[in-house]
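A look at the structure
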Amino acid sequence: MRLATTFFRLAGGLATVLLPVLAGGAMASEVPDLKGREVVVVTENAYPPLQFIDKSGQAVGWEYDAVAEIAKRLNIKVIYQNSSWDAMIPAVSAGEYDIGMTGITIRDDRKDKVDFSEPYMRSEMIMLVRADETRFTDAKGFAANPDLLMAAQPGTTPFYVGVYEVLDGNEANPRIKKFETFGAGVAALRAGDVDLVLTDGTAGPGYVSTSNGTLKIVGEKLGTEDFGFIFKKGSDLVTPVYPSASCQIDLVEREWSAGGAPCHPWF
């Protein structure tokens, strides 16, 4: 199944930023050599295919491959650490980590706390349900049945889309069952404790394809989100991280995008 994800192209405003870097072999002069500097990257390892633990116990995913490529070009030594989602933005904001990565939606309220990289991915919200679900087929049908419950991770885009686009705008709505991780919400869906999980087109198809026929996607797409890496406000890494990854290499996309997404400015 093709992921419902659109990677950014060299177009519009982005092109005006990237063309000076890409044209005339200017890449080498634009990318600084950080001389082996240690950079601490924090992640959650709970968001396939961006970052997760595979069957062998290894941390893998698109973001790991992207950071490895960036590290090679910038000459930095990456040290990975783990954090829960709710602690990640405050910790990066406080300077405990240099970069945060966990499929973080670029939002204006978060920009008050951290700096974002340029977007590396655009994805749309989709509805993940059990394969035998017949009580609803779209967001309107879910909202109309007061017996149906939704799992969500507080403070995330799926949570806010569920509150404001699917339900009634009440963030305390008892129909929204809150979980500390996205994976815990999916586990509750499988167990029948909730009836819907909102996710994006990056993660959702991956869960379906590995569910042995127990999960499916229903309804129309519900809005759009852009993902970026986060940094402490004023970090000197924000600018070099973007041009270091802006030449056209699509190896990472081919491995992690089922069906092969088009190239985007990061690679």
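Predicted, not measured: the structure shown is a model, and the values here were computed from it. (Residues numbered from 1 in each chain as written. Predicted model: local features only at pLDDT ≥ 70, side-chain atom pairs only at ≥ 80, totals over all residues. Heavy atoms only, no water.)

Digging into empty space enclosed by the protein
Note the threshold: Cavities and pockets were defined on a 1 Å grid built from protein atoms only: a cavity is a group of points that admits a 1.4 Å probe but offers it no way out, a pocket is an open group of points flanked by protein on both sides within 12 Å along at least five of seven lines, and a lining residue is one with an atom within 4 Å of any such point. Grid points are joined across faces, edges and corners, and a volume is the space filled by probe spheres set on the points. A run of H or I in DSSP counts as a helix once it spans at least four residues, and a run of E counts as a strand once it spans at least two, with each numbered from the N terminus. In this classification, Asp, Glu, Lys and Arg are treated as charged, Ala, Val, Leu, Ile, Met, Phe, Trp, Tyr, Cys and Pro as nonpolar, and every other residue, Gly included, as polar.
All chains considered together, the criterion is met by three cavities of 30 Å³ or more. Of the volumes computed, that of the largest cavity is approximately 270 Å³. When residues of the lining of the largest cavity are traced back to their parent elements, those giving at least two are β3 (46-47), β7 (99-105), β10 (150-152), α7 (157-166), α8 (182-191) and β12 (196-200). Class assignment of the residues belonging to the lining of the largest cavity gives a composition of twelve nonpolar, nine polar and four charged. By volume, the second largest cavity amounts to about 60 Å³.

Describing the layout of surface pockets
Its volume calculated, the second largest pocket comes out at about 210 Å³. Together, W85, D86, I89, P90, R107, D109, R110, K113, P154, G155 and Y160 line the second largest pocket. Counting residues per element, the ones that place at least two in the lining of the second largest pocket are α4 (85-93) and α5 (108-111). A total of four residues in the lining of the second largest pocket trace back to one element, the largest contributor, which is α4. Taken together, the residues that form the lining of the second largest pocket break down as five nonpolar, one polar and five charged.

Re the packing of aromatic side chains
What counts, and what does not: To pair, rings of Phe, Tyr and Trp, with the six-membered ring standing in for Trp, must have centres within 6.5 Å; the planes then decide the type, stacked if under 30 degrees apart, edge-to-face if over 60, and tilted in the middle. The buried label applies to any residue whose accessible area, calculated with a 1.4 Å probe on protein chains only, is under 20% of its type's maximum; exposed applies above 50%, and partly exposed to all values in between. Charge over a ring is defined by NZ of Lys or CZ of Arg lying within 6 Å of the ring centre and within 35 degrees of the ring normal.
Inspection of the entire model under this criterion finds nine aromatic pairs. Look at F159 and Y160: their rings are 5.3 Å apart centre to centre, the planes differ by 75°, and that puts the pair in the edge-to-face class. For F159, a relative accessible area of 3% corresponds to the buried category. A relative accessible area of 22% means that Y160 is categorised as partly exposed. Feature note: the residues Y47, W62, Y120, F182, Y207, F227 and F229 constitute an aromatic cluster, connected by ring pairs. Positioned above the aromatic ring of F142 is the side chain of R175, whose terminal nitrogen or guanidinium carbon lies 4.8 Å from the ring centre.

Brief notes about the sheet that holds strand β4 (residues 51-53)
For the record, the criterion: One bridge is not enough; two strands pair if DSSP finds at least two bridges between them.
The strand order β3-β4-β5 describes an open sheet built from three strands, whose pairing is antiparallel. Pairing within the sheet leaves two strands with one partner each, and these edge strands are β3 and β5 (59-60). Relative to β5, β4 is paired through two bridges, and the arrangement is antiparallel. Note on β5: the bridge partner recorded for F52 is V60.

A closer look at the confidence of the model for the protein
Any region with low pLDDT has predicted coordinates that should not be read closely. The test is simple: The pLDDT value tells you how sure the predictor is about a given residue, anywhere from 0 up to 100. In what follows, residue pairs with any heavy atoms lying within 4.5 Å of each other are defined as contacts.
Averaged over the protein, the pLDDT score is 81; the fraction of residues at 70 or greater is 79%. Ignoring residues within four places in sequence, the model shows residues 1-29, a span with pLDDT below 50, making 72 contacts including any to other chains. pLDDT under 50 marks residues 257-267. Its contacts with residues more than four places away, or in other chains, come to 56 contacts.

Topic: the environment of P90
Relative to the helices and strands, P90 is located in helix α4. Taking the C-alpha atoms as reference, P90 lies 8.5 Å from V114; in sequence the two are 24 residues apart.

So, the nonpolar core
Threshold: Residue types Ala, Val, Leu, Ile, Met, Phe, Trp, Tyr and Cys, when buried and joined through side-chain atoms within 4.5 Å, form a set referred to as a nonpolar core.
Of all hydrophobic cores here, the largest spans 35 residues; its most connected members are I99, L128 and F229. Where this core is concerned, the elements lending two or more residues are β2 (37-43), α3 (62-74), β7, β9 (121-130), α8, α9 (204-209), β14 (224-232) and α10 (238-244). Examining the composition of this core, we find that seven residues originate from one element, α3, more than from any other. Apart from the residues lying within four places of it in its own chain, the contact partners of L128 are V186, L189, D195, L196, V197, T199, G204, Y207, V208, L215, K216 and I217. Counting residues in hydrophobic clusters, the runner-up holds 19 residues, among them M125, F136, F142 and A152.

Brief notes about α3
Defined as follows: Between the first and last residue of a helix there are one fewer steps than residues, each counted as 1.5 Å, and that sum is the expected span.
For α3, which comprises 13 residues, the first-to-last C-alpha distance of 18 Å matches the rise-based estimate of 18 Å (1.5 Å per residue) to within 8%. Counting buried residues along α3, ten of its 13 residues qualify, which places the element largely inside the surrounding structure. Looking one or two residues past α3, N75 carries a phi angle of roughly 60°, positive in sign.

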